Structure formats: C-alpha cells, structure tokens
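Descriptive analysis of the structure
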Amino acid sequence: MRYHDLRHSCASLLLANGVSMKEIQEWLGHSNYSTTANIYSHLKYSSKVSSASTMSNVLVF
C-alpha cells in the first residue's frame with residue numbers, strides 16, 4: 001500500500017464518521033480546502049443515496 005493510499009483512506013473514513021471537511025484538511029496538512037475535497041475524500045454510496053432522496057423530496061411538485 002502506498003502512502004497516498006493511506007491518506008485517501010484516512011480522509012474518506014474521517015468524512016464517513018462525521019468529521020468536517022475543514023478538520024480533515026487540517027489533519028492532512030493541505031493548504032487548500034479544494035485539495036482535500038476533490039482528491040482525497042469520496043462520499044460513501046449510502047450518502048449518495050441519501051442525498052438523492054433528499055433532492056427527490058424537495059423537487060416534488
């Protein structure tokens with residue numbers, strides 16, 4: 001496993017467990033928020049389903 005893989009897993013696990021993106025950014029030492037948000041962390045599938053459900057409920061006519 002590469003060092004980068006560990007950082008990616010760390011960011012994803014922290015995000016999945018409710019740690020804010022700003023805290024993750026500081027933990028990983030990124031100077032730019034976008035680096036953390038765009039490269040290192042990904043939403044779990046269940047989060048995507050929840051987001052889609054919320055949008056579906058909001059867009060009901």
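Here the structure is a predicted model, which is why all the values come from computation and not from measurement.

Moving on: a nonpolar patch on the surface. Together, Met 55, Val 58 and Leu 59 make up an exposed nonpolar region whose accessible area comes to about 300 Å². Within the secondary structure layout, Met 55 lies in helix 4 (residues 45-58). Using a relative accessible area of 47% as the deciding quantity, one classes Met 55 as partly exposed.

As a further point, take the environment of Ser 20. Positionally, Ser 20 belongs in the loop between helix 1 (3-16) and helix 2 (21-28). The partly exposed category is assigned to Ser 20, whose relative accessible area is 32%. One polar contact links Ser 20 to Glu 23, side chain to side chain, over a distance of 3.0 Å.

What follows deals with helix 2. All of the buried residues along helix 2 are Met 21, Ile 24, Gln 25 and Leu 28. For helix 2, the angular spread of the buried residues around the axis is 105°, confining them to a single face. In helix 2, the exposed positions that point more than 90 degrees away from the buried face belong to Glu 26 and Trp 27. A positive phi of about 80° marks Gly 29, the residue just after helix 2.

What counts, and where the lines are drawn
- Residues numbered from 1 in each chain as written.
- Predicted model: local features only at pLDDT ≥ 70, side-chain atom pairs only at ≥ 80, totals over all residues.
- Heavy atoms only, no water.
- Patch = residues over 30% accessible without salt bridge, like charges linked within 9 Å, V, L, I, M, F, W, Y side chains within 5 Å.
- Areas by Shrake-Rupley, 256 points an atom, 1.4 Å probe, with all protein chains shown as cover.
- Salt bridge = Lys/Arg side-chain N within 4 Å of Asp/Glu carboxyl O.
- Helix = DSSP H or I, 4+ residues; strand = E, 2+ residues; numbered from the N terminus.
- Buried < 20%, exposed > 50% of the residue type's maximum accessible area, 1.4 Å probe, protein only.
- Polar contact = N/O pair within 3.5 Å; in protein donor to acceptor, adjacent residues only side chain to side chain.
- Arc of directions from axis to C-beta.

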